[in-house]
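Structural description and commentary
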Amino acid sequence: MPQTKPIVSVENVVASASVDQKVDLNDITKKFPDTEYHPDQFPGLVFRLESPRTATLIFRTGKMVCTGAKSEEMAVKAVQTVVKQLRKGGIKIKKDAVITVQNIVAAINLGGKIHLEQAARKLPRSMYEPEQFPGLIHRMLDPKTVILLFASGKLVCTGAKKEADVYRSVHNLHSTLEEKELMIYDA
């Protein structure tokens, strides 16, 4: 049983969505002057929300990518809010958006330091080259995530599709670090 309880903070949830129809981005720009659309630089329109604080890219195909949400529910709510606002503004959208979470990024503090040199030798699927990057890169198979470990005991977990996978990854890794005596706790 780990000596400390990790503090997990979801920093970003990226979700893709589709309304399964073409949309006129120039029309959206006219009706929503706060949006950003520069088709010569990037084919997507940026639709920002204050609450939940997110940015949703909208493409003419009706596909969307929402970034900046702090939870799965918030990402879903953001896309639904964008679609609702577009409809309210007179943009005809027949179907509700089909939303899929693509990636969750979380910051974690294990509450103790990590012996990175030893971890690099004892953890499978790990890469540690301190001359290039101060963190150890660990690829977990189940759940399929990538975790960056730093000597300070801080981690970054990416690649999860569900928040539960973030917690499972952190728990699995923390237990492994304890078992292999790679954690250092100050008395």
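Residues numbered from 1 in each chain as written. Predicted model: local features only at pLDDT ≥ 70, side-chain atom pairs only at ≥ 80, totals over all residues. Heavy atoms only, no water.

1. A few points about the pairing of strand E11 (residues 154-160)
Operational definition: Pairing between two strands requires that DSSP report at least two bridges joining them. Strands are runs of DSSP state E lasting at least 2 residues, helices are runs of H or I lasting at least 4, and numbering of each runs from the N terminus.
One ladder, built from five bridges, connects strand E6 (residues 98-109) with E11; its direction is antiparallel. Bridging across to E11, Asn109 finds its partner in Lys154. Of the pairings in the sheet, the one linking strand E10 (residues 145-149) to E11 comprises four bridges and is antiparallel in character. Within E11, the position partnered with Leu148 by the bridge is Val156. Adjacent in sequence and paired antiparallel, E10 and E11 are bridged by four residues, among which Gly153 carries a positive phi angle near 95°.

2. Quick look at the domain arrangement of the protein chain
Accessible area lost upon the coming together of the parts is a frequently used measure of interface size. Definition in use: Boundaries between domains were set according to an automatic or database domain assignment.
What the domain assignment reports for the protein chain is domain 1 (14-100) and domain 2 (109-182). On a C-alpha basis, the centres of domain 1 and domain 2 stand 35 Å from each other.

3. A short note on the side chain of Asp165
Let me state the cut-off plainly: Relative accessibility under 20% of the residue-type maximum defines a buried residue, over 50% an exposed one, and the middle range a partly exposed one, all with a 1.4 Å probe and only protein chains included. Whether two residues touch is decided by their heavy atoms; if any such pair falls within 4.5 Å, the residues are in contact.
If you trace the backbone, Asp165 turns up in helix H4 (residues 163-179). Here Asp165 falls in the buried class, since its relative accessible area comes to 16%. Beyond its immediate chain neighbours, meaning those up to four positions away, Asp165 contacts Pro143 and Ala160.

4. Overview of the sheet that holds E11
Strand pairing in a sheet relies on backbone hydrogen bonds. The paired strands run either parallel or antiparallel. Read across the open sheet, the ten strands follow the order E2-E3-E4-E5-E1-E6-E11-E10-E9-E8; overall the sheet is antiparallel. The open sheet is flanked by strand E2 (36-37) and strand E8 (126-127), the only strands paired with a single partner.

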